[in-house]
Amino acid sequence: MTIEDVKEEVEAFMFTEFSGICWDLTCAMDVQGHDSASLSASWVLYLLGLHPEIQKRVHSEMDDVFGEDFERLVETEDAKKLKYLECVMKESQRLYPVVPYIGRCLSEDLAIDKYIIPAGSTVAVFLYMIHHSPDVYPNPETFDPDRFLPENVNKRHPFAYLPFSAGPRNCVGQKFAQIEQKVILSNILRRFRVTSLIQRDKLDLVPELVLTPKPGLLVRFDRREVNNNLMG
């Protein structure tokens, strides 16, 4: 890699944080990392707030890993143990990819069925539609983290799930992103139960540089009780 290549990778990592924005740097720099980070975590909390039975499984996993110590810092080994939370995060990113589309400039002609897209064309890939394909994901509008259990992931094409893009221009920060999101979510969910106050059919999704929900994700936080001890 040249010095310029390294510089672009670092800038992409720092500016987009874990948003999964992987197009040209001129676009990526328009979005600050905290926007994508907060939005990704917000979608997870919102979906958990709509599905108390799934949230209960997440809380059970949290308690197994952290016990009643809600002040302890999240270590790398803790993050590795949060397997079900990772499934929840991935299913959230499937339903609501923070970056709904990416762009690529073709370096050579591309044949799709009987059509030829010439080299030099800019192609937009609409990730939201890929993630909602009923041919790949049965009942695609259903929030089902079990889709991302290892035995189910192995049945799908590797390009059926692209929140961080794929190939040589995938998101350089995606591993960091997953750990960061686990830290954020585990610090919240160890302490609180979440209840969502607006249903999904009441949301308007605006596909800007990030997938923005209107009027917003309205949720309520209640302190959890574990073994009669109030956490918070």
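Since we're looking at a predicted model, the values are computed, not measured.

What counts and how
Residues numbered from 1 in each chain as written. Predicted model: local features only at pLDDT ≥ 70, side-chain atom pairs only at ≥ 80, totals over all residues. Heavy atoms only, no water. Helix = DSSP H or I, 4+ residues; strand = E, 2+ residues; numbered from the N terminus. Buried < 20%, exposed > 50% of the residue type's maximum accessible area, 1.4 Å probe, protein only. Contact = heavy atoms within 4.5 Å. Areas by Shrake-Rupley, 256 points an atom, 1.4 Å probe, with all protein chains shown as cover. Axes fitted to C-alpha atoms, helices over the stretch in contact; angles between N-to-C directions. Nonpolar A, V, L, I, M, F, W, Y, C, P; charged D, E, K, R; others polar. Pairing = 2+ DSSP bridges. Expected span 1.5 Å × (residues − 1). Arc of directions from axis to C-beta. Patch = residues over 30% accessible without salt bridge, like charges linked within 9 Å, V, L, I, M, F, W, Y side chains within 5 Å. Salt bridge = Lys/Arg side-chain N within 4 Å of Asp/Glu carboxyl O. Lys, Arg positive; Asp, Glu negative; His and termini not counted. Charge placed at Lys NZ, Arg CZ, Asp CG, Glu CD. Phe/Tyr/Trp six-rings, centres within 6.5 Å; stacked < 30°, edge-to-face > 60°. Core = buried A, V, L, I, M, F, W, Y, C linked by side-chain atoms within 4.5 Å.

1. A look at the overall build of the protein
And then number 1: Scanning the protein from N- to C-terminus turns up nine helices and 10 strands.
And then number 2: The buried share of the protein, reckoned over its 232 residues, is 44%.
And then number 3: Across the protein, the fraction of contacts at a sequence separation of at least 24, relative to all contacts at a separation of at least 6, is 68%.
And then number 4: Of the roughly 12,800 Å² that the protein leaves accessible, carbon and sulfur atoms contribute 56%.

2. Looking at the packing of helix α4 (residues 52–66) against helix α6 (residues 83–95)
And then number 1: Here α4 crosses α6 at 145 degrees, and the two axes come no closer than 8 Å. Here Ile54, Arg57, Val58, Glu61 and Met62 of α4 come into contact with α6, specifically with Lys83, Tyr84, Leu85 and Val88.
And then number 2: Class assignment for the residues of the contact of α4 with α6 results in six nonpolar, no polar and three charged.

3. A short note on the pairing of strand β6 (residues 204–207)
And then number 1: Across four bridges, the pairing between β6 and strand β7 (residues 211–214) is antiparallel. The residue of β7 that forms the bridge with Asp204 is Lys214.

4. Re unusual backbone geometry
And then number 1: Here the amide bond leading from Lys214 into Pro215 is cis, since omega sits at 5 degrees, within 30 degrees of zero.
And then number 2: Secondary-structure assignment places Pro215 in the loop between β7 and β8 (219–223).
And then number 3: Even without glycine at this site, Asp113 takes up a positive phi of about 55 degrees.
And then number 4: For Asp113, the location among the structural elements is in the loop between β2 (110–112) and β3 (115–117).
And then number 5: Of note in this structure, Ser165 is not a glycine but carries a positive phi near 65 degrees.

5. Description of α4
And then number 1: Between the first and last C-alpha of α4 there are 20 Å, a value that for 15 residues agrees with the 21 Å anticipated at 1.5 Å per step.
And then number 2: Here α4 has its buried residues at Ile54, Gln55, Val58, His59, Glu61, Met62, Val65 and Phe66. With its buried residues spanning 160 degrees around the axis, α4 presents them on a single face. Exposed residues on α4 whose side chains face more than 90 degrees from its buried face are Pro52, Lys56 and Asp64.
And then number 3: Of the residues flanking the end of α4, it is Gly67, one or two places downstream, whose phi is positive at about 65 degrees.

6. Some words on a negative patch on the surface
And then number 1: Taken together, Glu4, Asp5, Glu8 and Glu9 make up a surface patch of like negative charges.
And then number 2: One can find Glu8 in helix α1 (residues 3–16).
And then number 3: On the basis of relative accessible area, Glu8 is assigned to the partly exposed category, the value being 36%.

7. Comments concerning a nonpolar patch on the surface
And then number 1: On the surface, a cluster of nonpolar side chains totalling about 310 Å² of accessible area is made up of Met1, Val6 and Val10.
And then number 2: Summarising the element assignment, Met1 is placed in the segment before α1.

8. Focus on the packing of aromatic side chains
And then number 1: This structure, assessed with the given rule, holds five aromatic pairs.
And then number 2: Taken together, a centroid distance of 3.9 Å and an interplanar angle of 10 degrees make the contact between Trp43 and Tyr96 stacked. Highlighted residues: Trp43 in helix α3 (residues 33–50) and Tyr96 in the loop between α6 and β1 (101–105), separated in sequence by 53 residues.
And then number 3: Exposure remark for Trp43: the relative accessible area of 0% places this residue in the buried category.
And then number 4: Classification of Tyr96 as buried rests on a relative accessible area of 5%.

9. What to know about the nonpolar core
One broad rule of soluble globular proteins: the nonpolar side chains tend to lie buried together.
And then number 1: Among the nonpolar cores identified, the biggest contains 33 residues, and Tyr46, Val58, Leu85, Val88, Leu185 and Leu189 are the most heavily contacted of them.
And then number 2: Mapped by element, the contributors of at least two residues to this core are α3, α4, α6 and α9 (174–189).
And then number 3: Excluding anything up to four places from it in sequence, Leu185 contacts Ala41, Val44, Leu45, Met62, Leu85 and Met89.
And then number 4: Residues Cys87, Tyr137, Phe148 and Tyr161 belong to the second largest nonpolar core, which totals five residues.

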